[in-house]
Amino acid sequence: MRARVAPMTPPRTTVRALLCGMLLFAAVDLGLFRSGLYAWLAKPNSSLGWFTRHTRFEPLARPPVEQPSVLLLGDSTMGEAGDERALRSRLGGRGTFTNAAVPGSTPRVWPYLFAQMPAPPGGWRYVVVGLRDFDDDGAGPMGERRHDLSFLGPALGLADACVIAGEFRDAAARREVWLSALCKAHAWRRDLQDLLAAPYQRYLEVRRQFGWLRWGQPYAGRDGSMVGIGVEGDRVVGLRPDQHDALQQLTHLVWRRDVVDDSGHRRRWLGELVDRVTATGAQVVFVRMPSQLLPRAAARVPATAVLDELARRPGVHVLPFDAFAELERPECFFDALHVNRAARTRFTELLAEALRARFPADLGR
Amino acid sequence: MQFHSFTFFAFLAVVLGLHYALPRAARRHLLLVASYVFYGAWDWRFLLLIALSTAIDFVAALRIEAAREPATRRRWLVLSLLLNLGVLGFFKYTNFFLASFCALTGADPTQWLLPIVLPVGISFFTFQSMSYTIDVYRRQIAARRSLVDFALFVAFFPQLVAGPIVKAIEFFPGYDRWRAPGDADLQRAAMLVLVGLVQKSVLADNLAPVVDGYFGDQWQPGWLAAATATTAFGLQIYFDFAGYSNIAIGVALLFGYRFPVNFRTPYLAGSVAEFWNRWHISLSTWLRDYLYIPLGGNRGGVSRTQRNLMLTMLLGGLWHGASWNFVLWGGLHGLYLAAHRAHRFWLHPRLGPRVVASLPYRAAAWLLTLAAVGFAWVFFRCVRLDDGLRTAGELLLPARLGESVLSTPWLLVIAGTLAIAWLADRWQLFARIDGAHWGWRGAVFAALWLVLTVFAATDSQVAFLYFQF
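Residues numbered from 1 in each chain as written. Chains lettered and ligands numbered in written order. Predicted model: local features only at pLDDT ≥ 70, side-chain atom pairs only at ≥ 80, totals over all residues. Heavy atoms only, no water.

## Re the overall build of chain A
Step number 1: When its secondary structure is counted, chain A shows 17 helices and nine strands.
Step number 2: With respect to the three principal axes, the spread of C-alpha positions in chain A is 90 × 55 × 45 Å.
Step number 3: Across the 365 residues of chain A, 50% fall into the buried class.
Step number 4: Partitioning the contacts of chain A with sequence separation of at least 6, the portion at a separation of at least 24 is 79%.
Step number 5: Surface accessibility of chain A: about 16900 Å² in total, with carbon and sulfur atoms responsible for 57%.
Step number 6: Here chain A carries 49 positive and 40 negative side-chain charges, and the mean point of each set is 8 Å from the other. (Helix = DSSP H or I, 4+ residues; strand = E, 2+ residues; numbered from the N terminus. Buried < 20%, exposed > 50% of the residue type's maximum accessible area, 1.4 Å probe, protein only. Contact = heavy atoms within 4.5 Å. Areas by Shrake-Rupley, 256 points an atom, 1.4 Å probe, with all protein chains shown as cover. Lys, Arg positive; Asp, Glu negative; His and termini not counted. Charge placed at Lys NZ, Arg CZ, Asp CG, Glu CD.)

## A closer look at the overall build of chain B
Step number 1: Regarding its fold elements, chain B presents 22 helices and zero strands.
Step number 2: Here chain B has a C-alpha radius of gyration of 23 Å; the compact-globule value for 469 residues is 23 Å, and the two agree.
Step number 3: Oriented by its inertia axes, the alpha-carbon framework of chain B measures out at about 65 × 65 × 55 Å.
Step number 4: In chain B, which comprises 469 residues, the proportion classed as buried is 55%.
Step number 5: Across chain B, contacts joining residues at least 24 apart in sequence account for 75% of those joining residues at least 6 apart.
Step number 6: Accessible area for chain B stands at about 20700 Å²; split by element, carbon and sulfur atoms hold 68% of it.
Step number 7: Where the 38 positive side-chain charges of chain B centre and where its 24 negative ones centre are 11 Å apart. (Rg over C-alpha atoms; globule rule 2.2 N^0.38 Å.)

## Topic: the packing of aromatic side chains
Step number 1: According to the stated counting rule, one finds 67 aromatic pairs over all chains in the structure shown.
Step number 2: With a centroid separation of 5.1 Å and an interplanar angle of 40 degrees, the aromatic rings of Phe-153 of chain B and Phe-172 of chain B are classed as tilted. On the criterion of sequence distance, the pair formed by Phe-153 of chain B in helix α7 (residues 147-155) and Phe-172 of chain B in helix α9 (residues 168-176) is long-range, its members being 19 residues apart. Each of the two residues, Phe-153 of chain B as well as Phe-172 of chain B, counts as buried.
Step number 3: Seen from their ring centres, Tyr-238 of chain B and Phe-239 of chain B are 5.2 Å apart, and the 50 degrees between their planes marks the pair as tilted. This pair shows no difference in class: Tyr-238 of chain B is buried, exactly as Phe-239 of chain B is.
Step number 4: A cation sits over an aromatic face here: Arg-288 of chain A above Phe-321 of chain A, 4.4 Å from the ring centre.
Step number 5: Taking the ring centre of Trp-219 of chain B as reference, the NZ or CZ of Arg-390 of chain B above it sits at 3.9 Å. (Phe/Tyr/Trp six-rings, centres within 6.5 Å; stacked < 30°, edge-to-face > 60°. Lys NZ or Arg CZ within 6 Å of the ring centre and 35° of its normal.)

## Topic: a nonpolar patch on the surface
Residue and element names in this part refer to chain B.
Step number 1: Taken together, the side chains of Trp-324, Leu-328, Leu-385 and Leu-389 present a nonpolar region at the surface, about 370 Å² in accessible area.
Step number 2: Elements that contribute at least two residues to the nonpolar patch include exactly α15 (324-346) and α19 (385-396).
Step number 3: Within the element layout of this structure, Leu-328 appears in helix α15.
Step number 4: With relative accessibility at 34%, the residue Leu-328 sits in the partly exposed group. (Patch = residues over 30% accessible without salt bridge, like charges linked within 9 Å, V, L, I, M, F, W, Y side chains within 5 Å. Salt bridge = Lys/Arg side-chain N within 4 Å of Asp/Glu carboxyl O.)

## Considerations on the interface of chain B and chain A
Step number 1: Taken residue by residue, the interface counts 33 residues in chain B and 34 residues in chain A.
Step number 2: Of the roughly 2800 Å² buried between chain B and chain A, counting both surfaces, carbon and sulfur atoms make up 66%.
Step number 3: Taken together, the connections running from chain B to chain A amount to zero salt bridges.
Step number 4: Where chain B packs against chain A, one counts six residue pairs in polar contact (both at pLDDT 80 or more). (Buried area = accessible area lost by both parts, 1.4 Å probe. Polar contact = N/O pair within 3.5 Å; in protein donor to acceptor, adjacent residues only side chain to side chain.)

## Thoughts on the packing of helix α10 (residues 183-214) of chain B against helix α11 (residues 223-254) of chain B
What describes two packed helices is the angle between their axes and the distance between those same axes.
Residues and elements named next belong to chain B.
Step number 1: Two elements in contact, α10 and α11, have axes whose closest approach is 7 Å; the angle formed by their N-to-C orientations is 155 degrees. Of the possible angle classes, the one that applies to α10 and α11 is roughly antiparallel. Viewed along their axes, α10 and α11 form a crossing whose handedness is left-handed.
Step number 2: For the contact of α10 with α11, the residue count by class is 26 nonpolar, six polar and five charged. (Axes fitted to C-alpha atoms, helices over the stretch in contact; angles between N-to-C directions. Parallel < 35°, antiparallel > 145°, perpendicular 65-115°, else oblique. Left-handed = near helix turned anticlockwise from the far one by under 90°. Nonpolar A, V, L, I, M, F, W, Y, C, P; charged D, E, K, R; others polar.)

## A closer look at the nonpolar core
Step number 1: Tyr-132, Phe-157, Phe-255 and Trp-377 of chain B are the most contacted members of the largest nonpolar core, which has 138 residues in total.
Step number 2: Taken domain by domain, this core gets at least three of its residues from each of domain 1 (6-178) and domain 2 (184-295 + 339-468) of chain B.
Step number 3: Beyond its immediate stretch of four places on either side in the chain, Phe-255 of chain B contacts Leu-12, Val-15, Leu-16, His-19, Tyr-20, Leu-31, Phe-156, Phe-157 and Trp-178 of chain B.
Step number 4: Leu-131, Phe-134, Ala-173 and Val-177 of chain A belong to the second largest nonpolar core, which has 42 residues in total. (Core = buried A, V, L, I, M, F, W, Y, C linked by side-chain atoms within 4.5 Å. Domains from an automatic or database assignment.)

## As for helix α14 (residues 301-320) of chain B
What sets the pattern is the α-helix's 3.6 residues per turn: residues three or four places apart point alike.
Residue and element names in this part refer to chain B.
Step number 1: Helix length check: α14 (20 residues) gives 29 Å between terminal C-alpha atoms against 28 Å at 1.5 Å per residue, within 8%.
Step number 2: Listed in full, the buried residues belonging to α14 are Thr-305, Gln-306, Asn-308, Leu-309, Thr-312, Met-313, Gly-316, Gly-317, Leu-318, Trp-319 and His-320.
Step number 3: Of the surrounding secondary structure, the elements contacted by the buried residues of α14 are α4 (70-105), α6 (122-137), α12 (272-278), α13 (281-295), α15 and α18 (359-381). (Expected span 1.5 Å × (residues − 1).)

## A short note on the environment of Ala-226 of chain B
All names here are of chain B.
Step number 1: Turning to its location among the elements, Ala-226 is positioned in helix α11.
Step number 2: Note: C-alpha distance between Ala-226 and Leu-30 (196 residues apart in sequence) is 49 Å.
Step number 3: Apart from the residues lying within four places of it in its own chain, the contact partners of Ala-226 are Tyr-214, Thr-391, Glu-394 and Leu-395.

## Overview of the domain arrangement of chain B
All names here are of chain B.
Step number 1: Each assigned domain of chain B is listed here: domain 1 (6-178) and domain 2 (184-295 + 339-468).
Step number 2: Distance from the C-alpha centre of domain 1 to the C-alpha centre of domain 2: 27 Å.
Step number 3: For the pairing of domain 1 and domain 2, the buried interface totals around 2700 Å² over both sides, and the portion due to carbon and sulfur atoms is 72%.
Step number 4: At the junction of domain 1 with domain 2, the criterion picks out one salt bridge.
Step number 5: The residue Lys-167 makes a salt bridge to Asp-289 at a minimum N-O spacing of 2.6 Å.
Step number 6: On the surface where domain 1 and domain 2 come into contact, there are eight residue pairs in polar contact (both at pLDDT 80 or more).
Step number 7: When contributions to the side of domain 1 that touches domain 2 are tallied by element, the ones reaching two or more residues are α1 (6-21), α2 (24-43), α6, α8 (157-160) and α9.
Step number 8: With seven residues, α1 is the largest single contributor of residues to the side of domain 1 that touches domain 2.
Step number 9: Its residues placed into classes, the side of domain 1 that touches domain 2 shows 25 nonpolar, five polar and four charged.

## Quick notes on the sheet that holds strand β1 (residues 69-73) of chain A
All names here are of chain A.
Step number 1: Judged by pairing direction, the sheet is parallel, and its five strands sit side by side in the order β2-β1-β3-β8-β9 without closing on themselves. With one partner strand each, in any of the chains shown, β2 (96-99) and β9 (316-318) form the two edges of the open sheet. Each strand axis lies, on average, 20 degrees off the axis of its neighbour in the sheet, ignoring direction.
Step number 2: In this fold helix α14 (residues 263-279) packs onto β1, β3 (124-131), β8 (283-288) and β9, with an angle of close to 140 degrees to the strand it touches most, β8. (Pairing = 2+ DSSP bridges.)

## Here we look at the pairing of β1 of chain A
All names here are of chain A.
Step number 1: In terms of residue burial, β1 counts as a mostly covered element, since five of its five residues are buried.
Step number 2: The two faces of β1 match: Ser-69, Leu-71 and Leu-73 on one face and Val-70 and Leu-72 on the other face are all buried.
Step number 3: Strand direction decides the pairing type here: β1 and β2, joined by four bridges, are parallel. The partner of Leu-72 across the bridge, within β2, is Asn-99.
Step number 4: Across five bridges, the pairing between β1 and β3 is parallel. Within the sheet, the bridge partner assigned to Leu-73 lies in β3 and is Val-129.

## Quick look at the side chain of Asp-262 of chain A
Step number 1: Take Asp-262 of chain A: it is sitting in the loop between β7 (260-261) and α14.
Step number 2: One buried charge, Asp-262 of chain A, has no salt-bridge partner; the nearest side chain with opposite charge is Arg-266 of chain A, at 6.6 Å.

## Comments concerning the environment of Leu-196 of chain A
Step number 1: With respect to the helices, strands and loops of the structure, Leu-196 of chain A is situated in helix α11 (residues 189-197).
Step number 2: For Leu-196 of chain A, a relative accessible area of 43% corresponds to the partly exposed category.
Step number 3: Not counting chain neighbours up to four residues away, the residues in contact with Leu-196 of chain A comprise Pro-409 and Phe-455 of chain B.

## Focus: helix α9 (residues 171-182) of chain A
Step number 1: Counted at 1.5 Å a residue, the expected span for α9 of chain A with its 12 residues is 16 Å, and the 17 Å between its end C-alpha atoms agrees.
Step number 2: Listing the buried residues of α9 of chain A in full gives Ala-172, Ala-173, Arg-175, Glu-176, Val-177, Ser-180 and Ala-181 of chain A.
Step number 3: Residues of α9 of chain A that are buried in the fold lie against α1 (12-34), α7 (148-152), α8 (158-165), α10 (184-187) and α11 of chain A together with α1 of chain B.

Encoded structure:
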C-alpha cells in the first residue's frame, strides 16, 4: 500500500526566480546586443560588425545633402572596386555615394542590409548591386550557406526567421536562425568569443577608435598583382608561394567544374532586393564585377535567365555583361577575387561613365 | 534524442504537462510509455531487448522471493544473472573476444567478426536491472508485484541511456512514497539542468575539437602537448558525463523522483580512493556492493584485498568498453588503489597524523592524484593501444617540451572552473544559491543562460561520450 502523499509546496519562489532570470536576460539582450551598444563599444571588425556599422552607425554620421544618393551594395569585390569619393569626383560632385559592401555577403543578405540601412533625407535614388557573375550556375547551393547567418543574425525578426529557416535542410542551421531571431546575444556570440580570446588586442583597437561611428578598415585599394599566372593544360601555373591560397578559386574560375543551378536562390533573393528597393522609389542597377582574371577553359553561354527576368521589371537596369571586361586580366587583381588599386580607379571611372550615360538627368554634367 | 537538443526539451515539456494533468494512477503508465518512446527514438528494435530484460528479472525476482529452498533461490538468481550478462556479453563483447582470438591466432578478422550493433545504454540498464534481482535475493527489498512499476524502474528515461545507475534499493522507497516536487526541488532541478547544459554544451563540446585533434590526426610530440591534451580530455569527459548526470537528476526531480548525486568534484580528490568516491558514484558503489564485497572485499588479508581491488577495477574498465585500452585503464586504477591502500597502511602511521594533515602533504597528494588519474585517461581516450603508449611515452619520457594544445583563454577557463569546483565543494556554493533570495537566484539563472547562449558549441551536436558504453 502506498504511503500518504505529503502536500506539495507551491513553487512560488522558483517561478519568481525563473521569471526574474528571464527578465534580466532579456534586459541584457535588449540593452547590450539588440540596441547596438555592444557593436559600438566593441567595434567588431568582422563581417557582422561591418553589417551593423552600415545599418546603425554610419547613417548617423552622414551629412544631409540635397543631391541624388547612390548606394553601392555587394560583397568584397564591390568593396575593393567601388571608390565613393572618386565616383563623386568623376561625376563632378553630382550625387553622393555610399559603399555599403560587406565582405562575404550574398544576395540573401543584401535585402536585409538595404532594409535596415536608414535612407538619407531624400531617399536613395539608385542602388548599384555588384554581382560576381551574371551566371545562374554557382559553385554550390547558396541556400545552404550557413555563413549568411553571421550577417543576418542581428537583423532577423521572427517573420524573417520563418522564411530563412525554411531554406535550410540542416536542423542545426534552422536552430541557428531561430535562436538568432529570438536572442541577439546568440547572434553576436562569435564576436564576443573572439573578443574574449584576445581582449587586450581588441582593447587597443577600441581605444584607438573610441566614440567613432565608423570603425574597421574601410576599403582604400590595395597594391599587388597576379601578373605571371596562366593556364597550362588542366592546371593554373605561375602562382607565387604566397598566392597558393588562390588556386582553388582560380581553378573554379577557369574550369567551373561541378557547378549547380542556383537560379532559384538568385531569383528569390535578387527579386526580394529589387522589390524592396523599387518600393522606396529607387532604381536598381546590376553590374557584373570584374572577376574572370583568367579566361574560361571552354566557351560557354552563361545562364542569365534571372538577370534577364529582372531586367524586364520597371526600375531595374542591367549594365552590359562586359562593361568592365578590360579589367579582367591578372595584372588588375591583387588576389583571385579582388581588383587592385589601379584597377579600382579604372573601375570607378567606367562605372561613373556608365551611370552618367544611363541617368543623364541626375548624374550627367 | 540527446538531452541538449531542442527535440528532447519539447518531448520533456509534453511529458511533464501530461504527467501533472493526468490522475496519479495513470502517471506511471505515461512515464513508461514516454520512456519507451525515448528509447525507441534511438532504435526501436532494441525496445524488445529492454522488454526481455525486464520480463526475465521481473519473473526471476518473484520466483526468488517465493522459493523456500536456498538452492532454488540461487538457481533463479544465477539464471537471471546469466541471461543479463549473456545479453550484455553478446552485444558488447562478442567482437572484442573474436578480434582478440584473431590477433592471437592470426585468423582473418573479416571472416570472424559479426555485424553487431551495440544497443545504446545497455551497460547501464543491465546493471540497474541486475541490482534488483540481487537485492531481492539478499532480501533487502521485496519483489515488485506490478510489472509496470518494475518496467519503469528499468526504463525511466532520465537515466536510461547513461545513468546514474539507480539501484532498486534506492529507487523504490522514493517511488512508493512519491511526493510532488516542492519549491526547493524545482529550484534544484532548474539549477541542475542549467548547470548540466553549461557543462555539456559550453565546456565539454568546446574542448572536444582540441581533444579529437590531438588524439586524431593532429598528434604532436612534446610533454606539454601530451599533458594539456590529456588534461583537456580529463575535463571533457568530466563535464560531459557530469553534465549528463546533472540533467538526468534534474529532469527526474521535475517528475518528483530524487536520484543520488553521481559526481562530487572528483578532481579535488586527495587520493585515487577518494576519486572513486567522487567520480561516477553510482557505478563505483554498484561495483563495490555487487562485485568487490561479494569477492571478499577487504576481508581475508592484504593480498586478497589487493586482488579484489584489481579484479573489480579490471572488470570496471571492461564495463566501459570492449577494448584492451579500457582493461588497461581499469588495471591502472586497480594498481593505484592497491598502492594507495599500501601507502595508507604502511606510510601514514610512520609519517604521523600532523604530517598527513599538513597543507604541503595534502597539496602533494592532490597533485599526484591528478597526475595519476590524468595519465590513465590516455588509455581511456586513445583509439589504438599504440597511440596510447606513444602519448604515455611523451608524458613519462619526453624528448622535448613541445607546445600546449590549449590556448591561454582555455587555461584561464580551466583555472576558473577549478575555482568554482573548489567553492562548490568547500563553501557549499550551490546549496547557498538554492537558499538565496529569489532575486539572486534569478541573476544566477540569467548568467547561466547568457553563458549558454554565447558559448554553447552549436555548430554540431556532440553526442554524450558515455552513450557508447
